[in-house]
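Observations on the three-dimensional arrangement
Below are the chains, spelled out letter by letter.
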Number of protein chains: 2
Amino acid sequence: MNVRHLEEADYDPIMAVLDDWFGGRPLAKLLPRIFFIHFRPTSFAIEEDGKVIAFLAGFISQTYADEAYIHFVAVHPDYRGRGLGRRLYSTFFDTVGRLGCSVVRCITSPVNTGSIVFHIRMGFQIEHVTGEHQGAPCTVNHELNGQHRVLFVKRLS
Amino acid sequence: MNVRHLEEADYDPIMAVLDDWFGGRPLAKLLPRIFFIHFRPTSFAIEEDGKVIAFLAGFISQTYADEAYIHFVAVHPDYRGRGLGRRLYSTFFDTVGRLGCSVVRCITSPVNTGSIVFHIRMGFQIEHVTGEHQGAPCTVNHELNGQHRVLFVKRLS
């Protein structure tokens, strides 16, 4: 399996399958085409047999130059539990570290227990906790319509 | 009226009114909090009496260093037709020009005739035309679910 940069040409094939990867949850709308076009240096795809089976879309903060943000990560359901997420995150950490970042942030939903466990394992800490939702410490009302989010931060060593 | 950078603290008050500004069209979901946090240098707000009445969220491409992108612009309905949009765009052009950009891109919906006229007046050209929707030349199937978009480009002189 080959790790390469995410490209605009990946947008259409990924959009065609993304909601299915999440069991029908409509998450594709969180990922407009601009992430594929304008953040290539810090976005990555893993392919098998010419098809993307996992990808990560991230960028470097333009407000905080030493900080990078992971916006979206997805792994094809048939390829979970094989370390692809870890490989994408490691590639991102190495890349943004070389580009001068010492901090990585990302967020997830309190209901996404698998994601919370994954991030803790990857060395992230939960920050800005202002409440709890379904047992997960989180930042309440972080996004639109009072949606709670778990905010993660990791300091690169 | 004061033009200043857009700040994370603007997120909650803007989200509370944004869909109303667009006559109930649910556009606020296109503007996650990360645009307020991480793209401050190229995002601007205009205030009156301590309230934001217009704003622009944009960034510099990390793939194409000489290119900037305007992601979202909104003007309070009571303040339209007074040149606030023009003022925000001019501030953006000046700022990204100083930061090394020579090209600005943005997109709109083919149904948004006012936006199309505004961009033409601001010196944008329509590019990558592959069809027409409700009389507007556009790029068909540009975004999710076969949504068409009008793609604009302006070269800064």
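Below, the structure is looked at part by part.

Calculation rules
- Residues numbered from 1 in each chain as written.
- Chains lettered and ligands numbered in written order.
- Predicted model: local features only at pLDDT ≥ 70, side-chain atom pairs only at ≥ 80, totals over all residues.
- Heavy atoms only, no water.
- Salt bridge = Lys/Arg side-chain N within 4 Å of Asp/Glu carboxyl O.
- Helix = DSSP H or I, 4+ residues; strand = E, 2+ residues; numbered from the N terminus.
- Buried < 20%, exposed > 50% of the residue type's maximum accessible area, 1.4 Å probe, protein only.
- Contact = heavy atoms within 4.5 Å.
- Buried area = accessible area lost by both parts, 1.4 Å probe.
- Least-squares fit on C-alpha atoms with pLDDT ≥ 70 in both.
- Phe/Tyr/Trp six-rings, centres within 6.5 Å; stacked < 30°, edge-to-face > 60°.
- Axes fitted to C-alpha atoms, helices over the stretch in contact; angles between N-to-C directions.
- Parallel < 35°, antiparallel > 145°, perpendicular 65-115°, else oblique.
- Left-handed = near helix turned anticlockwise from the far one by under 90°.
- Nonpolar A, V, L, I, M, F, W, Y, C, P; charged D, E, K, R; others polar.
- Arc of directions from axis to C-beta.
- Pairing = 2+ DSSP bridges.
- Right-handed = clockwise from strand over helix to strand, strands pointing away.

Taken as a whole and assessed by the stated rule, the structure comprises 14 salt bridges over all chains. Here A:R33 makes a salt bridge to A:E8, at a shortest N to O gap of 3.0 Å. Separated by 25 residues along the polypeptide, A:R33 in the loop between α1 (11-21) and α2 (34-38) and A:E8 in the loop between β1 (2-5) and α1 bring together distant segments of the chain. For A:E8, a relative accessible area of 33% corresponds to the partly exposed category. Here B:R4 and B:D10 are joined by a salt bridge, their closest N and O atoms 2.9 Å apart. Here B:D10 falls in the buried class, since its relative accessible area comes to 8%. Through salt bridges with shared partners, a single network forms among A:R4, A:D10 and A:E47.

Mapping B:I37 onto the fold places it in helix α2 (residues 34-38). On the basis of relative accessible area, B:I37 is assigned to the buried category, the value being 16%. The spacing of B:I37 and B:E8 is 29 residues in sequence and 5.1 Å in space, taken between C-alpha atoms. For B:I37, the residues in contact, after removing those within four places along its chain, are A:T63, A:Y64 and B:E8.

Time to look at the interface of chain A and chain B. Each partner contributes to the interface: chain A provides 28 residues, whereas chain B provides 28 residues. With both chains or domains summed, chain A and chain B bury close to 2,400 Å², and 59% of this area falls on carbon and sulfur atoms. It is A:H38, A:Q62 and A:L144 in chain A that bury the most area against chain B; as a group they hold 28% of the surface buried on that side. In this assembly, chain A and chain B are joined by zero salt bridges.

One copy of the chain maps onto the second through a rotation around an axis plus a translation along that axis. Relative to chain B, chain A is turned by 180° and slid 0.0 Å along the rotation axis, the superposed coordinates differing by an RMSD of 0.0 Å. Such a combination of turn and shift is consistent with a two-fold rotation axis. Scanning chain A for the C-alpha nearest the rotation axis identifies A:L30, at a separation of 3.9 Å.

Okay, the packing of aromatic side chains next. This structure, assessed with the given rule, holds 31 aromatic pairs over all chains. Note on B:F59 and B:Y69: the rings are 5.5 Å apart at their centroids and 35° apart in plane angle, and the pair reads as tilted. A residue pair is termed long-range when its members are at least 10 positions apart, and B:F59 in strand β3 (residues 51-60) and B:Y69 in strand β4 (residues 67-75) qualify at ten residues. For the pair shown, B:F59 and B:Y69 are each scored as buried. Each residue in the set A:F35, A:F39, A:F59, A:Y69, B:F35, B:F39, B:F59 and B:Y69 is aromatic and connected to the rest through ring pairs, giving one cluster.

Right, let's talk about the packing of helix α3 (residues 84-98) of chain A against helix α4 (residues 113-121) of chain A for a bit. Residue and element names in this part refer to chain A. One way to put it is that α3 packs onto α4 with a least axis distance of 11 Å and a crossing angle of 50°. It follows that α3 is oblique to α4 by the angle criterion. The crossing of α3 and α4 is right-handed. Seen from α3, the contacting residues are G85, R86 and Y89; seen from α4, they are F118, H119 and R121. In terms of residue class, the contact of α3 with α4 is built from two nonpolar, two polar and two charged.

Every buried residue of α1(A) is listed here: A:Y11, A:I14, A:M15, A:L18 and A:W21. The arc that holds the buried residues of α1(A), viewed along the axis, is 130°, so those residues lie on one side. Facing away from the buried side of α1(A) by more than 90 degrees, the exposed set consists of A:A16 and A:D20. Where the residues of α1(A) are buried, they touch α2, β3 (51-60) and β4 (67-75) of chain A together with β8 (136-143) of chain B. Note on α1(A): the residue one or two positions beyond its end, A:G23, has a positive phi of about 65°.

Before going further, it helps to examine the pairing of β4(A). All names here are of chain A. Within β4, eight of the nine residues are buried, which leaves the element mostly enclosed by the surrounding structure. In terms of strand pairing, β3 meets β4 through seven bridges, oriented antiparallel. Residue G58 lies in a different strand from β4, and its bridge partner there is I70. Where β3 hands over to β4, the hairpin turn is made up of six residues, counted between the paired strands. Strand direction decides the pairing type here: β4 and strand β5 (residues 103-108), joined by four bridges, are parallel. Within β5, the residue paired with A68 across the bridge is V104. Crossover connection from β4 via α3 to parallel β5: handedness right-handed.

What follows deals with the environment of A:I14. Residue and element names in this part refer to chain A. You can see I14 is positioned in helix α1. For I14, a relative accessible area of 3% translates into the label buried. Linking I14 and F55, residues 41 residues apart in sequence, is a C-alpha distance of 9.3 Å.

All we've got here are geometric facts, nothing functional implied.
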